[in-house]
Amino acid sequence: MESICPFASTLADAIGQEFGAGPPSGDIPLMPLGQAADMGHAPDGTPLIDPRLFSSAEYNRNPYPYFRILRDHYPVFHDELHNCYYVTRFDDVKTCANDEVVFNTVAKGASNTVLGNTQLELSGPENRRRRNLYGQHLVGQALKLRTPAITRIANELIDSWDTANDPTVCHDRNGVRSVALGKGFANQFPIRVVGYLLGLPDEARGNFYFWYNAMMNGFGGATETHGLGLAARQDLEDYVEELVRVRRERPHFLHDEAGNPIGKDIITSLCDTRIDGDYLSTEEITSNIALLVGGGGETTRGAIMNMWYLLLQHPAQLDAVRADESLWLAAFHEGLRCAIPAGGAQPKNTTYDIEMHGVKIPAGSLVLMVNHAANRDDRVFRDADSFNILRDDLYSGKLLRSGYSDGRKSSHMSFGVGPHFCPGAWISEQEATLGSSVLLRRMKNVRIKHDAMPRDIDGVTLAPIGLVPMRELWVEYDID
Ligand code: HEM
């Protein structure tokens, strides 16, 4: 398909549809960070937006000055080239996200080929019913009981560096160890945690990474990777079929570190679940597994990577976390506010003709609620473009679906807000903060391995985090 949609990568993340960003637009120059390219001005001096921007490399790496122009001058921007509307101010995104009647979920069929029939494209009671199938495993007391297991998984991954024997993961020289934090930790950690919660047998671990990667690369249609994604999904379903048969006969329980049962795993719970008197089919159970794996992998991976990259560039803040581990929560949320790993723009279709900020939006239009831009709104967060885990206007307390705002502090938008609020928010907060505290305790004097990291256009500054999360982060620390 020809390039029809901006935000290709974030939108693809959010709905699993390949929109094809097309070649980067050569007409938008790469600018120093924080500065916007000059796309012309209206007679009254208002900066203009050239919609080719949205498929440019510049926008991908340095979107924040353009978010500012959109928020300040075009709170609802009609992009006639790509035929969609952007909503970028914090208050507007929040209002729209809470209005499921006017801003409906994206058209059916966008993600369900690879993941199967999931809640992603459903609204109202249909969506809620499906969230409830597994939701209780990802919140509250269930999480507390899993703390030791999550800590153990983090420690096991770090232990594996000692015997990695793979210089693309880890190597030692002169008392200093260099580690690729993605390959050596963050790429595997969330998947291992979700696999544990699901109750996947250890023997399936190798296949699990394969299913996950193939399905994640397989969104969209009519491509080779899509074909591989579908094959992986079928392979997973075949595996799950036998597992479901066994779990229905012999329920499987998760255990604490002392070997005491702490509750059924998610697959066993799904096997027990009935809707209107009928057990869930293998197809339905597989779709839920695929959704949890798909929703819980790349997102938390990217959140951990982005947070560490930002923290390591602010050593005083890293020292503050080292001195007071309770600050990991603030670091996690500030990291998410500054750089969303996935779902930076929520696509919705309008049900009715509406008007916002004087812009008429006809029924059936594609509206992108840009969480990423809302997070950087100076109307809500002071000096919003700077990373500051000690800022006093970001709420990092108990996660609330409706979001939090008391006029002084507000929650960020990175988990969405309203009826579709990310059901994995609680577990990803727990994973990222626990895993990171283990990492920091075990890496003495950790710092960025500058010579292994990509640079920005000046050839000196470290490359920024734009719309796409960090792929790799090389760090080094002292071993003695
Ligand atoms: C830092 C990590 C994460 C981020 C930034 C994130 C972000 C998001 C966002 C923005 C949405 C869409 C909200 C909306 O439509 O308004 C979402 C939905 C979802 N997330 Fe997450 N997520 C993360 C972790 C997880 C984890 C760990 C899981 C599962 C274990 C998960 C499962 C889901 C599911 C199933 C949905 C669909 C909810 C629905 O449509 O009702 N996510 N997530």
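Residues numbered from 1 in each chain as written. Predicted model: local features only at pLDDT ≥ 70, side-chain atom pairs only at ≥ 80, totals over all residues. Heavy atoms only, no water.

**Student:** Please clarify how the environment of L318 should be interpreted in this entry.
**Tutor:** Summarising the element assignment, L318 is placed in helix α15 (residues 315-323). Here L318 falls in the buried class, since its relative accessible area comes to 4%. With residues up to four places along the chain from it excluded, the contact list for L318 reads L311, L312, L440 and V446. (Helix = DSSP H or I, 4+ residues; strand = E, 2+ residues; numbered from the N terminus. Buried < 20%, exposed > 50% of the residue type's maximum accessible area, 1.4 Å probe, protein only. Contact = heavy atoms within 4.5 Å.)

**Student:** Honestly, the site of the ligand in this entry has me stumped. Any pointers?
**Tutor:** In the region of the ligand, 26 residues are neighbours, and Q119, N127, R131, H420 and C422 sit closest. Between the ligand and the protein, one listed contact pairs an oxygen atom with a side-chain N or O atom of H420 at 2.9 Å. Among the elements of the structure, α6 (124-134), α13 (282-296), α14 (298-312), β10 (346-350) and α18 (425-442) are those that each provide at least two residues to the shell around the ligand. Its residues assigned to classes, the shell around the ligand comprises 11 nonpolar, 13 polar and two charged. (Near = heavy atom within 4 Å. Polar contact = N/O pair within 3.5 Å; in protein donor to acceptor, adjacent residues only side chain to side chain. Nonpolar A, V, L, I, M, F, W, Y, C, P; charged D, E, K, R; others polar.)

**Student:** Before we go on, may I ask you to explain the sheet that holds strand β13 (residues 366-369) in this structure?
**Tutor:** Hydrogen bonds between backbone groups are what pair the strands of a sheet, and the pairing can be parallel or antiparallel. Taken together, five strands build an open sheet; the order of strands is β1-β2-β13-β10-β3 and the sheet is mixed. A strand with exactly one partner marks an edge of an open sheet, and here the two such strands are β1 (76-79) and β3 (103-105). Between one strand axis and the next, the sheet turns by 35° as a mean value, whatever way the strands run. Summarising the sheet, β10 and β13 pair through four bridges and their orientation is antiparallel. Bridged to N349 within β13 is L366. (Pairing = 2+ DSSP bridges. Axes fitted to C-alpha atoms, helices over the stretch in contact; angles between N-to-C directions.)

**Student:** Can you walk me through the confidence of the model for the chain in this structure?
**Tutor:** Should the pLDDT be low somewhere, the predicted coordinates at that spot are not to be read in detail. Across the chain, the average pLDDT comes to 88, with 92% of residues at 70 or higher. Within the model, the stretch residues 1-24 combines pLDDT values under 50 with 71 contacts to residues more than four positions away or in other chains. (pLDDT = per-residue confidence, 0-100.)

**Student:** Help me understand the packing of aromatic side chains in this model?
**Tutor:** Given two aromatic rings, their pairing is described by the distance between the two centres and the angle made by the two planes. Applying the stated rule across the entire model yields 17 aromatic pairs. Where F54 meets Y86, the ring centres are 4.4 Å apart and the plane angle is 40°; that geometry is what we call tilted. Within this pair, whereas F54 is found in the loop between α1 (8-15) and α2 (57-61), its partner Y86 is found in strand β2 (residues 84-87), the two being separated by 32 residues in sequence. Residue F54 shares its accessibility class with Y86, and that shared class is buried. Summarising the aromatic geometry, the rings of F90 and F381 are spaced 5.9 Å apart at their centres and angled 85° between planes, so their arrangement reads as edge-to-face. Separated by 291 residues along the polypeptide, F90 in helix α4 (residues 90-97) and F381 in the loop between α17 (371-374) and α18 bring together distant segments of the chain. For the pair formed by F90 and F381, the shared burial category is buried. Here the aromatic cluster, defined as three or more aromatic residues joined through ring pairs, consists of F54, Y59, Y64, Y66, F67, Y74, F77 and Y86. Lying across the ring of F381, R337 places its NZ or CZ 5.2 Å from the centre. (Phe/Tyr/Trp six-rings, centres within 6.5 Å; stacked < 30°, edge-to-face > 60°. Lys NZ or Arg CZ within 6 Å of the ring centre and 35° of its normal.)

**Student:** For this particular structure, what's the right way to read the packing of helix α9 (residues 189-198) against helix α10 (residues 205-217)?
**Tutor:** Angle between the axes and distance between the axes are the two parameters that describe a pair of packed helices. With their axes 11 Å apart at the nearest point, α9 and α10 run at an angle of 115° to one another. If you check the angle between α9 and α10, you find them roughly perpendicular. Relative to α10, α9 is oriented so that their crossing is right-handed. Here α9 contributes I191, R192, G195 and L198 to the contact with α10, which in turn contributes R205, F208, Y209 and Y212. Partitioned by chemical class, the residues of the contact of α9 with α10 number five nonpolar, one polar and two charged. (Parallel < 35°, antiparallel > 145°, perpendicular 65-115°, else oblique. Left-handed = near helix turned anticlockwise from the far one by under 90°.)

**Student:** Help me understand α10 in this model?
**Tutor:** Helical geometry note: an α-helix holds 3.6 residues per turn, so side chains three or four residues apart project in the same direction. Taking 1.5 Å per residue, 13 residues should reach 18 Å; α10 reaches 18 Å between its end C-alpha atoms and fits that length. By the burial criterion, the buried members of α10 are F208, W211, Y212, A214 and M215. (Expected span 1.5 Å × (residues − 1).)

**Student:** Mind showing me how you'd approach unusual backbone geometry here?
**Tutor:** Most peptide bonds take the trans configuration, and most residues that are not glycine carry a negative phi. Positive phi values are uncommon outside glycine, yet N83 reaches one of about 55°. Checked against the element boundaries, N83 lands in the loop between β1 and β2. Phi is positive for H357, which is not a glycine, with a value near 45°. Residue H357 is classed as partly exposed on the basis of its relative accessible area of 44%.

**Student:** Hey, could you run me through the pattern of salt bridges in this one?
**Tutor:** As a working rule, side chains carrying opposite charge can pair if their charged atoms are close by. This structure, assessed with the given rule, holds 33 salt bridges. Residues D172 and R177 are paired through a salt bridge, measuring 2.7 Å at the closest nitrogen-oxygen approach. With relative accessibility at 42%, the residue D172 sits in the partly exposed group. Salt-bridge contacts for R447 lead to E476; the nearest nitrogen and oxygen are separated by 3.7 Å. A residue pair is termed long-range when its members are at least 10 positions apart, and R447 in strand β14 (residues 444-448) and E476 in strand β15 (residues 474-478) qualify at 29 residues. Residue class for R447 comes out partly exposed when judged on its relative accessible area of 24%. Overlapping salt bridges bring together R68, R376, D378 and D385 as one network. (Salt bridge = Lys/Arg side-chain N within 4 Å of Asp/Glu carboxyl O.)

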